[in-house]
Amino acid sequence: MKTVSYFAGVLCCFLVAASSLPAEHNAAAKKTPHILASEDRNMLRKHLDESVLRGEVPGGALLLVHEGETVFKDGFGFRHIKHGKPFTADTPFHVASISKPIIATLVVKLAAERRLDLDRPIDAYLHEMSDLVLESGERPVTIPTLRQCLSHTAGFRSDYDEGGRPWLRLRGQGMTLADAVTEEAKIPMPIHPGTEFAYSGIGYDIAGRIVEVSTGSSLETAIQTELFEPLGMTQTTYYPDEETAEQMADFYWLWRSDGKFRRKLPPPPIPAGKYKSVGGGIVSTLDDLSKFMLLHQNHGVHDGKTFIPRDAIEQMYRGDRPGKFYGLGFMLKSNGKDGLANQISHSGSSGTLMWLDRQRQSIGVLATQHRFSDGKKMPESQKRIAADAPTWQATTKKEVLDPLMDRLQKSNQRLVGAPQRKP
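Only a predicted model underlies this, so the values are computations on that prediction, with no experimental measurement involved.

### A short note on the pattern of salt bridges
So, step 1. Across all of its chains, the model carries 23 salt bridges by this definition.
So, step 2. The partner of Arg407 in a salt bridge is Asp40, with the nearest N and O atoms 2.8 Å apart. Of this pair, Arg407 sits in helix α12 (residues 392–417) while Asp40 sits in helix α2 (residues 38–53), and the two are 367 residues apart along the sequence.
So, step 3. Exposure remark for Asp40: the relative accessible area of 9% places this residue in the buried category.

Quick look at the structure:
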């Protein structure tokens, strides 16, 4: 593993100049351009570069959108440290659990079109779900609904419990999504449906399989046809081709014991049509994820037309007990007077973070490809990085990006409210 001095030497050769590009999907022309103040742009650029120099992050990319206009879009650091390959604004990456709000949006769209029902028991679509059992050996009082699968209240085993990530075992076995869901239906449930929140990717595998049954297509075909192609998300897929795979960022563990990065060897590619984690397997880019979030910022309207009815898409931002901090596919924060979350977001274990601040009318996509190593068996005294250390992404958003976007919004409000000079 190279030292910080290595980062400093190579970084100088590969820094990408900061850019402010107008969003192609701008809903309407603005009289006042949204421009980051030079001191804010310099501060942000310094924070990103110094984070790489300090060894906090191998590299990444950031996109900020304010009221439909891109105000920052750039890469920093490396997508491959040893070879000095830069992480650019166009680098594709694994989004991990950011896949969940994408899948949930597809399901909500199909429900709005009455091609499936969020509140229908899942055994109406998948007969094997009639045989679900609890860990006690008893039958659950009710069969979970698709809505409960999307809100992590279906009762399936949590990702954080032993055996709660079956995709790690099932991936690469040559099975289809239908095969994987059949296997997952045999995993005893620890919770009665609808009684507790338990973050579970099993429910999202089931949701993906119900999409297949409802559309008569593979999940990849359905999501491309129903969501990605209409929104212009041309770089988003479960199955990247060879060219895309070559350009993707490598994944790094940030070791808790010594604070150094260790590259994870990429697993063999999964052939198209074979099982990948539905709630964690998507590959995308900054631009594509911003297009997706603009659909939510615009209340379900795309290209001037209703793509998903407003009342349908906004139900995704409403948290009900249990799990009031999670809606349908989104983490929720700070409810407004309308009962909807003022901020919706999702993170991914690969080092990704995506959010929409409905009050600030701003979107952010922050992508790295790294996370802390587990280190559970290591005494806390031997850890350079504590078990409860906040992620770099969350800290950057809270301490750098949120204040920056506040200043941008206030600056724009002053400009808009200022009297206009006559030509």
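### Quick notes on unusual backbone geometry
So, step 1. We note that Ala96 has phi near 55°; this positive angle belongs to a residue other than glycine.
So, step 2. Structurally, Ala96 is set in the loop between β4 (93–94) and α3 (99–112).
So, step 3. Exposure remark for Ala96: the relative accessible area of 8% places this residue in the buried category.

### Quick look at the packing of α3 against helix α10 (residues 286–297)
So, step 1. The N-to-C vectors of α3 and α10 enclose an angle of 50°; their axes lie 12 Å apart at closest approach. Relative to α10, the element α3 lies oblique. Relative to α10, α3 is oriented so that their crossing is left-handed. Contact residues: Pro101, Ile102 and Thr105 in α3; Leu289, Phe292, Leu295 and His296 in α10.
So, step 2. In terms of residue class, the contact of α3 with α10 is made up of 5 nonpolar, 2 polar and no charged.

### Points about the sheet that holds strand β6 (residues 261–264)
Where strands meet in a sheet, backbone hydrogen bonds hold them as pairs that are either parallel or antiparallel.
So, step 1. Spatially, β6-β5-β14 is the arrangement adopted by the 3 strands of the open sheet, whose pairing is mixed. Lying at the two open borders of the sheet, with one neighbouring strand each, are β6 and β14 (370–372). Neighbour-to-neighbour, the strand axes of the sheet open up by a mean angle of 30°, direction not taken into account.
So, step 2. As paired elements, strand β5 (residues 251–254) and β6 share 4 bridges and run antiparallel to each other. Of the residues in β6, the one forming a bridge with Phe251 is Lys264.

### Let's talk about the pairing of strand β13 (residues 362–368)
So, step 1. Taken across its 7 residues, β13 has 7 buried, putting it largely inside the fold.
So, step 2. Alternating residues of β13 divide into Ser362, Gly364, Leu366 and Thr368 and Ile363, Val365 and Ala367, and every residue in both groups is buried.
So, step 3. In the sheet, strand β1 (residues 59–66) pairs with β13 via 7 bridges, with the strands oriented antiparallel. In the strand pairing of β13, Leu64 is matched with Gly364.
So, step 4. Of the strand pairs in this sheet, strand β12 (residues 352–357) and β13 are connected by 6 bridges, and their pairing is antiparallel. When the bridges of β13 are listed, Trp355 appears paired with Gly364.
So, step 5. Hairpin connection of β12 to β13: 4 residues between the antiparallel strands, including Gln361 at a positive phi of 55°.

### Thoughts on the pairing of β12
So, step 1. Burial analysis of β12 places 6 of its 6 residues in the buried class, the great majority of the element.
So, step 2. Taking every second residue as pointing to the same face, both faces of β12 are buried, with Thr352, Met354 and Leu356 on one and Leu353, Trp355 and Asp357 on the other.
So, step 3. Counting the residues in the hairpin turn of strand β11 (residues 341–348) and β12 gives 3 residues, including Gly351, whose phi is positive at 105°.

### Structural notes on the nonpolar core
So, step 1. Counting 83 residues, the largest nonpolar core has Ile102, Phe156, Ile206 and Ile223 as the members making the most contacts within it.
So, step 2. Judged by nonpolar contacts, the second largest core, of 26 residues, contains Leu62, Phe78, Tyr252 and Trp392.

### Section: the sheet that holds β11
So, step 1. Read from one edge of the open sheet, 7 strands run β3-β2-β1-β13-β12-β11-β10, paired in antiparallel fashion. In this open sheet, the two edge strands, each paired with only one partner strand, are β3 (85–86) and β10 (331–335).
So, step 2. Across 4 bridges, β10 lies against β11 in antiparallel orientation. For Asn335, the partnering residue across the bridge sits in β11 and is Ala341.
So, step 3. Together, β1 and β2 (69–80) form the strand contacts of α2, whose direction differs from that of β2 by roughly 15°.
So, step 4. Sheet strands touched by α10: β1, β2, β11, β12 and β13. Its angle to β13, the strand with the most contacts, is close to 150°.

### Some points on the packing of aromatic side chains
So, step 1. Within the structure shown, the criterion is met by 8 aromatic pairs.
So, step 2. Pairing Phe197 with Tyr326 gives two aromatic rings, centres 5.8 Å apart and planes at 45°, and the pair type is tilted. Of this pair, Phe197 sits in the loop between α6 (177–184) and α7 (202–215) while Tyr326 sits in the loop between α11 (310–314) and β10, and the two are 129 residues apart along the sequence.
So, step 3. Judged by its relative accessible area of 24%, Phe197 falls in the partly exposed class.
So, step 4. By relative accessible area, Tyr326 is classed as buried at 3%.
So, step 5. Judged by centre distance (5.2 Å) and plane angle (90°), the rings of Phe251 and Trp253 are edge-to-face.

The rules behind each value
- Here the residue numbers are simple positions, counted from 1 along each chain's written sequence.
- For a predicted model such as this one, the threshold for reporting local features is a pLDDT of at least 70, and the threshold for listing and counting side-chain atom pairs is 80 or more; totals across whole chains, interfaces and linings nevertheless cover every residue.
- Here the side-chain values reflect all heavy atoms present in the structure, with hydrogen atoms and water set aside.
- Salt bridge, as used here: a side-chain nitrogen of Lys or Arg that lies within 4 Å of a carboxyl oxygen of Asp or Glu.
- In this text, helices come from DSSP runs of H or I with a minimum length of four residues, and strands from runs of E with a minimum of two, each type numbered from the N-terminal end.
- Using a 1.4 Å probe on the protein chains alone, a residue whose accessible area is under 20% of its type maximum counts as buried, one over 50% counts as exposed, and one in between counts as partly exposed.
- Each axis is a line fitted through C-alpha atoms, and for a helix only the stretch in contact is used; angles between axes span 0 to 180 degrees, taken between their N-to-C directions.
- Reported orientations rely on four angle classes, namely roughly parallel under 35 degrees, roughly antiparallel over 145, roughly perpendicular from 65 to 115, and oblique for the rest.
- Put simply, a crossing is left-handed when the front helix is turned counterclockwise from the back one by less than a right angle, and right-handed when it is turned clockwise.
- In what follows, residue pairs with any heavy atoms lying within 4.5 Å of each other are defined as contacts.
- In this classification, the charged set is Asp, Glu, Lys and Arg, the nonpolar set is Ala, Val, Leu, Ile, Met, Phe, Trp, Tyr, Cys and Pro, and all remaining amino acids, among them Gly, are polar.
- Paired strands, in this sense, are two strands between which DSSP finds at least two bridges.
- Nonpolar core, defined: a set of buried Ala, Val, Leu, Ile, Met, Phe, Trp, Tyr and Cys residues in which side-chain atoms within 4.5 Å join the residues together.
- For Phe, Tyr and Trp, rings pair up if their centres lie within 6.5 Å, where Trp contributes its six-membered ring, and each pair is then called stacked (planes under 30 degrees apart), edge-to-face (over 60) or tilted (otherwise).

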